[in-house]
Amino acid sequence: GRLIMMLYPPVAELVSKTGNRYQLVNLVARRAREISANAEEEGIILDKKPVSEAIDEVYTGKLTIAK
């Protein structure tokens, strides 16, 4: 049998919040770099990967695309 990995949150939901996959990837990548840079500057050890954090922010509505 195939192992099917469930992604949380579902990609379709994230895409619906950003418009399309391209914008989603772009937004998450930009925010992840920002989170990473801020942590480095402040000497903070992140308990979560920057990309995971950025995805959570999109999912919860904290991070959106400027209209």
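Conventions we followed
Residues numbered from 1 in each chain as written. Predicted model: local features only at pLDDT ≥ 70, side-chain atom pairs only at ≥ 80, totals over all residues. Heavy atoms only, no water. Helix = DSSP H or I, 4+ residues; strand = E, 2+ residues; numbered from the N terminus. Buried < 20%, exposed > 50% of the residue type's maximum accessible area, 1.4 Å probe, protein only. Contact = heavy atoms within 4.5 Å. Areas by Shrake-Rupley, 256 points an atom, 1.4 Å probe, with all protein chains shown as cover. Axes fitted to C-alpha atoms, helices over the stretch in contact; angles between N-to-C directions. Parallel < 35°, antiparallel > 145°, perpendicular 65-115°, else oblique. Left-handed = near helix turned anticlockwise from the far one by under 90°. Nonpolar A, V, L, I, M, F, W, Y, C, P; charged D, E, K, R; others polar. pLDDT = per-residue confidence, 0-100.

J.: Can you help me understand the overall build of the protein in this one?
T.: Looking only at helices and strands, the protein features three helices and zero strands. Sequence-ordered secondary structure for the protein, helices as α and strands as β, is α-α-α. Across the 67 residues of the protein, 24% fall into the buried class. Of the contacts formed within the protein by residues at least 6 apart in sequence, a portion of 51% connects residues at least 24 apart. Carbon and sulfur atoms provide 56% of the accessible area of the protein, an area that totals close to 5,400 Å².

J.: In this structure, what is going on with the packing of helix H1 (residues 11-18) against helix H3 (residues 50-60)? I would like to understand it.
T.: Two quantities define a packed helix pair, namely the angle between the axes and the distance from one axis to the other. At a minimum axis distance of 9 Å, the contact between H1 and H3 shows a crossing angle of 65°. Classified by the angle between their axes, H1 and H3 sit roughly perpendicular to one another. In this structure, H1 meets H3 at a crossing whose hand is left-handed. Residues Glu13, Leu14, Lys17 and Thr18 of H1 lie in contact with H3, whose contacting residues are Ile55, Val58 and Tyr59. The residue makeup of the contact of H1 with H3, split by class, is four nonpolar, one polar and two charged.

J.: Would you mind showing me how to read the confidence of the model for the protein here?
T.: When pLDDT drops low, the exact placement of atoms in the prediction is not to be read closely. Per-residue confidence for the protein gives a mean pLDDT of 90; residues scoring 70 or more make up 88%. Ranking the helices and strands of the protein by mean pLDDT puts helix H2 (residues 21-42) first, with 97, and H1 last, with 92.

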